[in-house]
Amino acid sequence: MQHDRILILDFGSQVTQLIARRLRESGVYCEIWPFSHAPEERIRAFAPKGIILSGGPASVTEGESPRAPEAVFRMGLPVLGICYGQQTMAAQLGGEVQRSDHREFGRAFVEVREDSALFQGVWAKGAREQVWMSHGDRVTKLPPGFRVVAVSEGAPMAAIADEARRFYGVQFHPEVVHTLHGAALLRNFTHAVCGCRGDWTMASYRAGAIERIRAQVGAGRVVCGLSGGVDSAVAAALIHEAVGDQLTCIYVDHGLMRAGESEQVVRTFRDRFNIRLVHRDASDLFLGALRGVTDPEAKRKTIGCLFVEVFEEEQAKLGGAEFLAQGTLYPDVIESVSATGGPSVTIKSHHNVGGLPEGMRMRLVEPLRELFKDEVRALGRELGLPEEIVGRHPFPGPGLAIRIPGEVTREKADLLRKVDAIFLEEIRRAGLYDAIWQAFAVLLPVRTVGVMGDGRTYDHACALRAVTSTDGMTADVYPFDVHFLTGVANRIVNEVRGVNRVTYDITSKPPGTIEWE
């Protein structure tokens, strides 16, 4: 199924994904490509209705700084440059960019000087509007054909336009929520300037994905590793709708799931959706392999390698399969290649992208690789998955192992499961679950002295963590009322024998990550 498309060329901005999310929210399909991976023939084959140049950390004033492919400006397509994108567009088309003594970082205000198709129905001439800036360079000379349509204190050319060629540049970031009406400006570009219909919906994606799965799989057999999380659940339900009993799901229980999750997976997929499901309890195997392992990356790799071994064992019992289904998402695909084409920095290994383990002779089926997390949830609802699965907070593949800093044991996992269950139960009881991106408990690798009754205790301490986010790339701590936290702490120390101290993690991302390991 064909939809209007926008191409986003990435120059390394930390918020490039937000551009795509804003466009998707307005019903426009888009993809993000590194600027260095966009030859003219590939762009023409993609057939975009317009192109957006993202921000980035480089300076146009440096000789080896990134440049947009020259074809971008020759194809007759509308182009919108954002921050660095505006600067490189101006420089490449005959303008000038210089370092500025008046840098702008954070909230700023622009004055709208002229009408423009980019502002139509959103910003009026003469208005003063709040935006989000992050720049040290600025355009100082306009390219031929451009005019200034908005200014700010630190950017005398905060927005520029060449209406004849449909080229636009903004120094601010319309994709972030701090730019008021920024999403509406992007919608003006995609719908009014580029002529996109905005007909990309989860219903249309579902229909198209089913066609693609059937065309790829044919009469072959597919195995899917269920993790209990949203991504693999939605992938399994979508593939089952496409090929029915050609799909078999394998659920490897590593003993590190949250309370009641293994039972819920079996109940939902085997009983409710009648999907062929193999349930392998391998908890003894995993916990044994983790004995003495304390390094976070070593834990992840131990679990990952063992999962593949167990999965292959179960898959062999089925007589083999031609295809392996994975719940790879679009952020995984984007983050697997940096804007400059080199390897991305590894914060922690967890993405599916990278192919199959050596020796696995199957082809990949990745029906969600074009979707962001919120879109996966919307697709799950479209497929009829229960809200308890679709709306579930993100949960890491290694499970509770990375919420137990230090060595992982069955005793620690059981303790953490109880603490975590109480925390989530109280969040749901307070009606806060859907307002929080992710909430969980961590069992700390320390023991603390406490007093219970008239006796001294020397037990585990735990940390509670809850954050708000739109995509997991950045996150803020959830501001619980202190009475809520003291109530949760009281339940934990009274009901979980072995824990005598509760803390609340108030670190944002960055500088921390959401998970502890």
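Bear in mind that the values here come from a model prediction, so they are computed numbers and not experimental data.

Peer 1: Which residues make up the packing of helix α6 (residues 230–243) against helix α11 (residues 373–383), and what values do they have?
Peer 2: Following both chains from N to C, one finds α6 and α11 inclined at 45°, their axes separated by 10 Å at the closest point. Taken as axis vectors, α6 and α11 run oblique relative to one another. Note on packing geometry: the crossing formed by α6 with α11 is left-handed. For the pair α6 and α11, the contacting residues are Val-230, Asp-231, Val-234, Ala-237, Leu-238 and Glu-241 in the first and Lys-373, Val-376, Arg-377, Leu-379, Gly-380 and Leu-383 in the second. By residue class, the composition of the contact of α6 with α11 is seven nonpolar, one polar and four charged.

Peer 1: Quick one: what's the story with the environment of Asp-253, residue by residue and with numbers?
Peer 2: Relative to the helices and strands, Asp-253 is located in strand β11 (residues 247–253). Those residues in contact with Asp-253 that lie beyond four places of it in its chain are Ser-262, His-279, Arg-280, Asp-281, Ala-282 and Ser-283. At 3.0 Å, the side chain of Asp-253 forms a polar contact with the side chain of Ser-262.

Peer 1: So what about the pattern of salt bridges? Which residues, and what values?
Peer 2: Pairing between side chains of opposite charge can happen when their charged atoms approach one another. Inspection of every chain in the model, using the stated rule, returns 35 salt bridges. Ionic pairing is found between Asp-505 and Arg-465, a salt bridge with its closest N-O pair at 3.4 Å. Pair noted here: Asp-505 is in the segment after β18 (499–504) and Arg-465 is in strand β16 (residues 455–468), with a separation of 40 residues, a long-range link. With relative accessibility at 12%, the residue Asp-505 sits in the buried group. Via salt bridges that share partners, Glu-425, Glu-426, Arg-429, Arg-491 and Glu-495 belong to a single interconnected network.

Peer 1: If you had to explain the nonpolar core to someone new, which residues and values would you point to?
Peer 2: Core analysis: the largest hydrophobic core is formed by 118 residues, its most contacted members being Ile-427 and Phe-480. For Ile-427, the residues in contact, after removing those within four places along its chain, are Leu-432, Tyr-433, Ile-436, Ala-439, Phe-480 and Phe-484.

Thresholds applied
Sequence order as written defines the numbering, with residues in each chain counted from 1. Local features in this predicted model are restricted to residues of pLDDT 70 or higher, and side-chain atom pairs are both shown and tallied only at a pLDDT of 80 or more, whereas totals for entire chains, interfaces and linings draw on every residue. Calculation of side-chain values draws on the structure's entire complement of heavy atoms; hydrogens and water are dropped beforehand. With axes taken as lines fitted to C-alpha atoms, and helix axes fitted only over the stretch in contact, angles between N-to-C directions fall between 0 and 180 degrees. Helix and strand definitions follow DSSP, with helices as H or I runs of at least four residues and strands as E runs of at least two, each counted in order from the N terminus. Our angle categories are set so that under 35 degrees counts as roughly parallel, over 145 as roughly antiparallel, 65 to 115 as roughly perpendicular, and the remainder as oblique. By the definition used in this description, the sense in which the near helix is turned from the far one sets the handedness, with an anticlockwise turn below a right angle giving left-handed and a clockwise turn giving right-handed. Whether two residues touch is decided by their heavy atoms; if any such pair falls within 4.5 Å, the residues are in contact. Any residue outside Ala, Val, Leu, Ile, Met, Phe, Trp, Tyr, Cys, Pro, Asp, Glu, Lys and Arg is labelled polar, Gly included; the first ten of those are nonpolar and the last four are charged. Two N or O atoms count as a polar contact when they lie within 3.5 Å, although within protein this holds only if one can serve as hydrogen donor and the other as acceptor, and sequence-adjacent residues are included solely when both atoms are side-chain atoms. In what follows, salt bridge is the name for a side-chain nitrogen of Lys or Arg lying within 4 Å of a carboxyl oxygen of Asp or Glu. Each residue's exposure class comes from its accessible area (1.4 Å probe, protein chains only) as a fraction of the maximum for that residue type: buried when under 20%, exposed when over 50%, partly exposed otherwise. Throughout this description, the term nonpolar core refers to a set of buried Ala, Val, Leu, Ile, Met, Phe, Trp, Tyr and Cys residues connected via side-chain atoms within 4.5 Å.

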